Structures are given as C-alpha cells and as structure tokens.
Amino acid sequence: MVNFSKWLEILICIAMLAKVNGFNVSITIVQDAVAKGGVCLDGSPPAYHLDKGFGDGVDNWLIYLQGGAWCNNAATCLDRSHSAFGSSKLMSTNYNFTGILSNKLKQNPDFYNWNRVEVRYCDGSSYTGDVEAVDPDTKIFYRGARVWRAVMDDLLDKGMKDAQNAVLAGCSAGGLGAILQCDNFRALLPSDARVKCLSDAGFFINTEAIHGPRPLQEYFAEVVTTHGSAKNLPEACTSVFRPELCMFPRYAARDIQTPLFLLNSAYDSWQITNIFLHGVIDRPGGKWRNCTNDISRCSEGQIEALQGLFGDRMVNKSKWIEFFICIVMVVRVTGFDVPITFVQDAVAKGGVCLDGSPPAYHFDKGFGAGINNWLIHMEGGAWCNNATTCLARTLDRLGSSDLMTTNYTFSGILSNKAKYNPDFYNWNRIKVRYCDGSSYTGDVEAVDPNAKVFYRGARLWRAIMDVLLAKGMKDAQNAILAGCSAGGLGAILQCDNFRGLIPSTAKVKCFSDAGFFINANDVSGAQHIQEFFAQVVDTHGSAKNLPESCTSKFSPELCMFPEYAARDIQTPLFLLNAAYDSWQVKNTLAPGVADRHGTWRDCKTNITLCSESQLQTLQGFRTEFLAALSSLGDNPSRGSFINSCYCHCQSGTQETWLRNDSPLLDNTTISDAVGGWFYDRNPFQKIDCPYPCDKTCHNRVFE
C-alpha cells in the first residue's frame, strides 16, 4: 500500500496555496476539548485560527477544515503524531488567510467580512474517528469526530449559535470531512439560518489502479477500522453500504440533505498519482513519470486513460448538488510562467545532466531600456556525493531534464513588473535549471560504468552560457550571475569565469542567495558537511573547476565553502543569507546522523519550538557564520544582506524579494539593497541583530 502520509507536503488545495494577498491569523488552542476527549493523535488539544467578521458579515460564519491525507494503522498514526498533522504542539502559531479566507473585498467579494475559521487537521481520519481506548503501545488517540465537535462547540460559544449564514468547507481530506459532517453541521445551527457546504478537492473516487486493485478502498477500510469511524459516517450510507465505501463521496453524498458545492479538478493530480497510478509512478524509468510531472507530456494512450478516469464514476447529479470542475492549476498572483528551452547542442559538448539528458533553462526576453542587460539565476537543489545518491537524482528533475516541468514561474528577482522588481524587471531574465548535483563544478570524462551517470556540471554551465552569449549576452551592457542555495554557491564559484565571458566595458556583478555555506561542525562535533563536500568533489572531479586562487592554498573540499573560495574573487559579489539558514541548521548543524534520537526535530521544523539550549546553539552557529563572513576581509565592492531569519532563499519569491510585508534590514528591502548595490546608488553591507529581534522575517515552518 502506498504511504499516503508522505504526500502531506504536496496536497493540491487550490483555495489555500497562494499567499501573495494573505495575512497571518494567530492560533487558538481548544483546551476545553481535552476533557471531552477531543484530542489530536498525540493527545494534545485541537486548534483553529479565527478572523472575526465585521460589518454586515458579523453573523455569518465560514468554517474551513484543513486537509492532509490520513493514517491507516498504528505505525502511520504514530508517525503523524510527530508532525503538525498529529499534534497541535507542532503547529505553526500563525496561518496565512488568503483565497476564500481573505478579508479583502477585492479578493473574496462574498465572504470577506464573515467570521472565517481555519480548523487545523490533526486526527488523520477526516474528522470521523472515535475510539475510547488509547492505543496501549503507541499512546495514540483516535478521536477525529470528537475533535470536530469540540471545535464546533467552541465556535458556537463564540457566536456561531446565532449564525444567519454559514458554510462548512474544506480542502482535500478536509473537503471530504466537509461532506461527511455536512448534515451534522446543519443541525448545530439555527433552523432559519442559510447553511451550505463546500468541498474543495475532496471528491475521492473508488477507482481501480492501472494494474487492477482498488488501493484507496483498501486503504479507507484500514482507516475506518483503525479510527473506529463507522459510527460517524452518514447513517444513510452505512445502512446500505460497507463503512469503507462511505468514505467515498460517491456513496456518502447521495442522501445528504444540506446543499453541497463540489470544487474539484477532473484530473486531480493527487488521485492520479496515488490511486490510479498506485505502484507505477515510483518505478525507475516508468512511462508515466513524465506524464505526471507535466500533463502536456502525456502520450495519446495516457490521455485516453486519464479521460476515462473520472467519467461515470462521479456521483450522479441531483437538484441540490452544484458541481464545478476546476481544471486550471494554481495561478501565482504576481508570477508568470516561462516555457523551458532545452540545450540540445550541449550533448555533443558533453555538457549534460546526470542521466545524459541535455541541460535546460527558461528565458524571458528583456525589453525597453533593459534589452542589453542580462540576469542569470541558477537553480539550487543540494548535491549528490557518490554513485548511489547521484543515480537516485537521475530519477527526478534534479538529475534529468526529461523530468523537469515545462514551465517555470518567474517571480521576485525574475518578475517582469516594475512594481515587483524595479531594477531588473525589463532585463533578459534566465532561470538555469539544476541537474548536475555539483553546483555546476563537475567534469569527469568517463561515464560511471555501473550507474551510467554523467558528472559534467561545469561543462553544462558553459554550454548554457555559450547559448546565451549567442542569443545576445555577448553584447551585454550590464550582467548579473545569481543563484539560490546550491545555485548561489555556483554563482560564487563561477563568478570570475562569468566576468571573463562578458565584454570588458560591461558592468558585471554576482549575487548569491543562501549560497554562503559555512564549514561548521555538527552538534556531535563531527565535520559532517566538510566530509560531504570532500565526497562531492571526488565524485564529480570538481577540483579543477574550483577557483584556482583557493585551491592553490587550501584542499579542494574547503574551496566548496565561500569563506575560502570567495576571498580572492575579483568580481563584485553580493551575499544574501539568513544567519540562521534553515537548510544549514537542518543539514550542517543538526543532520540526522548527529541527532539519532530526534532531539532537534521539532526545533528544525519551527524555530519557535527550540529549547533554550538549542537557541544558544543557534546563536553560536550565527557567531560562526559571521566569523566566516568576516574572513573574506573588507571589500567596498561587496554587498551583504544578512538577516536573522529562519529561512533559505529569499530572492525568487515575491513575498521576500519585494512586497509591503517583505523582510527589512536597516529599513531596506532585499530588492532595494541589491538594486542599489548593483547600480552603485548605495553600498549595502548590513548584518541583522540576533534572533528574535527582527519582526519582519518570514520564518519557515516545515510541516
């Protein structure tokens, strides 16, 4: 059976993804629920976020149930109890309200002034479970239905008992919960109130997988048994069908009396991947892999199979069901999609991805005064350090252009709007895709005889540069080589090489976002990241492509660290980094090998969950980071924006690059700092005060 829990981070919830026009709402913990037995899997109280209504919406209520798949046995439920989907202790204290939860008339004209509530999901049963006994081995509580009712009781006390209009809604597993609890919700509210239900991506179907069995039916049977859900499913359904069938809206919704609106994609990506293609999609080289990465790459036969997937399996329409098919993907409000370009000529030069496929980039042409200016932004994605890990990368987009999405959303520093990217909006803007695993440094002539893997990152980089030079970059007046994470490191390592490609009369600088990786020991005292980089250099043959000014003084693996490699770079360089970089905290400071008992797990998930001693360790990491930065020496041409946030990469998303709530340092946005530095308007070398002083941070929370 597929492990549905691993998909929690990629659920398709159309109404809740875009945060551009959102705002944060603080959490409310329902402490009274504990006495009622309405608790999360780990026994912690349930929680919700409430933004109060105003004006003529003060007596109207919209309840939105969070989704997040399910757990189907003691082991998977125990696993969930260590995440925000099983414990309110691990939930972020704020939730971004946008879409149907927005309080802006422009973005949410019908519900903006209602009481809007996001109910957090922590039971793993779509709010249906109710087992009195606590699992004796795992100490897990199966109480989803009690959680739902306890939250409703709390909201009734807050004024929902006097509602004039009300909607019970939800996304994915929450959308299923909205269907299953729809009539129960109606019964809680005044008889003269207008009450309806909305399910977003909650219409799960009982279809066969491509190889025959019905994986979701089997899985739902286990969910129902584990959580004791049968008694909380619609009685009109369970009196006719087996309980597991009543987890499917096709059966459960037939006799629901409350008006119901269904919002769903007819090609629901979660259902296609996890139900229809159960047991297929994870096979190396599977013919469905490209199709599921990008529906436009499906074959005619695959399209025919997908066309028949939903078909007559959908619930029969009746007078009270309004059915809406949403086929569009989420639109990022301030971004736009740019198609991919494959560099076929690179293959002959040996500049290929790990699997031998050609490299790729996305190019949005400059216009107006920016037509001769070029900004190259290199994608990141960590590294592979041996034949095994590099072979594994060939099975995804970080090792094969065959598996890359055909479009890339340009936002932040890649935006084409002056409002969002005032200094670079009309430049030629390029996103270079990352598929070599070496920060664009590898060059091994021989192909790995066993894994059939190519280590050619440096050749790949040069092949792309050659194409861009031919497209006009050879005549650049201004140019920036930039990148994020491993791409940000690549921007440092290739900085002077890039300068050498561009006319000597041009203004050329480099910009590294979250690429300043430091050579710090982990919490056990081991040199984990240095050993890892030594393996990267050895596997990819990177030594000859690292800055010679560094390798002439230090061992090659040290020259993967900017604190050594950037000391003698001649081209002006801007460093954007969080002093508490979330990737480095998770992988350099407290990697799993150094934290066998998971002591750091919660802290790495959410910095607000760190203990006092862990915070002291983080402050020590910041001190090391700043020492590494200072080792570069003084250089008036260098720029730096070192904030005290818990994040990783801040230039490629609009919310951190330039927005009315973007991070600030010395009252300056990242966009203003970088633009002012490039155009020599204002030098910028600023370091933030220690955490938690900076209230403008967009700190990451990892579910």
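The paragraphs below set out a description of the structure included in this document. Given the structure is predicted, the values throughout are model-derived calculations rather than measurements.

1. Overview of the packing of helix α18 (residues 582–589) against helix α20 (residues 612–630)
Where α18 meets α20, the axes come as close as 12 Å, and the angle between the chain directions of the two elements is 105°. In terms of orientation, α18 lies roughly perpendicular with respect to α20. Taking contact as the criterion, the partners of Q584, V585 and L589 in α18 are, on α20, T617, L618, F621 and F625.

2. Some points on the sheet that holds strand β14 (residues 428–432)
Here 10 strands make up an open sheet; going across it, the order is β13-β10-β11-β14-β12-β15-β16-β17-β18-β21 and the pairing mixed. Every other strand in the sheet has two partners, leaving β13 (407–410) and β21 (685–687) as the edge strands with one partner each. When strand polarity is set aside, the average angle formed by the axes of neighbouring strands in this sheet is 20°. With 3 bridges connecting them, strand β18 (residues 639–643) and β21 associate as parallel partners. Looking at β21, one finds that I642 is bridged to I687.

3. So, the pattern of salt bridges
Under the criterion given, the structure shown has 22 salt bridges. E379 is the salt-bridge partner of R397, the closest N and O atoms lying 2.9 Å from each other. You can see R397 sitting in the loop between α11 (387–393) and β13 and its partner E379 sitting in the loop between β12 (373–378) and α11, a full 18 residues away along the chain. With relative accessibility at 35%, the residue R397 sits in the partly exposed group. Note on E379: relative accessible area 6%, which makes it buried. A salt bridge links D568 to K553; the shortest N-O distance between them is 2.9 Å. Separated by 15 residues along the polypeptide, D568 in the loop between α17 (562–565) and β17 (573–578) and K553 in the loop between α16 (548–551) and α17 bring together distant segments of the chain. On the accessibility criterion, K553 (56% relative accessible area) is exposed.

4. Structural notes on the environment of W427
Tracing the backbone shows W427 in the loop between β13 and β14. For W427, a relative accessible area of 0% puts it in the buried group. Not counting chain neighbours up to four residues away, the residues in contact with W427 comprise D364, K365, G366, G370, N373, W374, L375, N478, A479, I480, F678 and Y679.

5. What to know about helix α2 (residues 144–157)
Spanning 14 residues, α2 covers 20 Å between terminal C-alpha atoms, matching the ideal 20 Å at 1.5 Å per step. Of all 14 residues in α2, 12 are buried, a share of seventy percent or more. Buried within α2 are the following residues: G144, A145, R146, V147, W148, A150, V151, M152, D153, D154, L155 and L156. Buried residues in α2 make contact with β2 (47–51), β3 (60–65), β5 (115–119), β6 (165–171) and α4 (182–188). Once α2 finishes, G159 follows within two positions and takes phi at roughly 125°, a positive value.

Rules used throughout
- Residue positions are given per chain, counting from 1 as you read along its sequence in written order.
- The predicted nature of this model means local features are confined to residues of pLDDT at least 70 and side-chain atom pairs, given and counted, to a pLDDT of 80 or more, with totals for whole chains, interfaces and linings taken over all residues.
- Side-chain numbers come from the whole structure's heavy atoms, not from hydrogens or water.
- Between N-to-C directions, angles cover 0 to 180 degrees, with each direction set by a line fitted to C-alpha atoms, over the stretch in contact for helices.
- Helix and strand assignments follow DSSP, with helices taken as H or I runs no shorter than four residues and strands as E runs no shorter than two, numbered in order from the N terminus.
- Orientation labels follow simple angle bins: below 35 degrees gives roughly parallel, above 145 gives roughly antiparallel, 65 to 115 gives roughly perpendicular, and whatever is left gives oblique.
- Whether two residues touch is decided by their heavy atoms; if any such pair falls within 4.5 Å, the residues are in contact.
- Pairing between strands is defined by DSSP: at least two bridges between them are needed.
- Think of a salt bridge as a Lys or Arg side-chain nitrogen and an Asp or Glu carboxyl oxygen that are within 4 Å of each other.
- The cut-offs for exposure are 20% and 50% of the maximum accessible area for each residue type, with area from a 1.4 Å probe on protein chains only; residues under the lower value are buried, those over the upper are exposed, and the others partly exposed.
- One fewer than the residue count of a helix, multiplied by 1.5 Å, yields its expected span.

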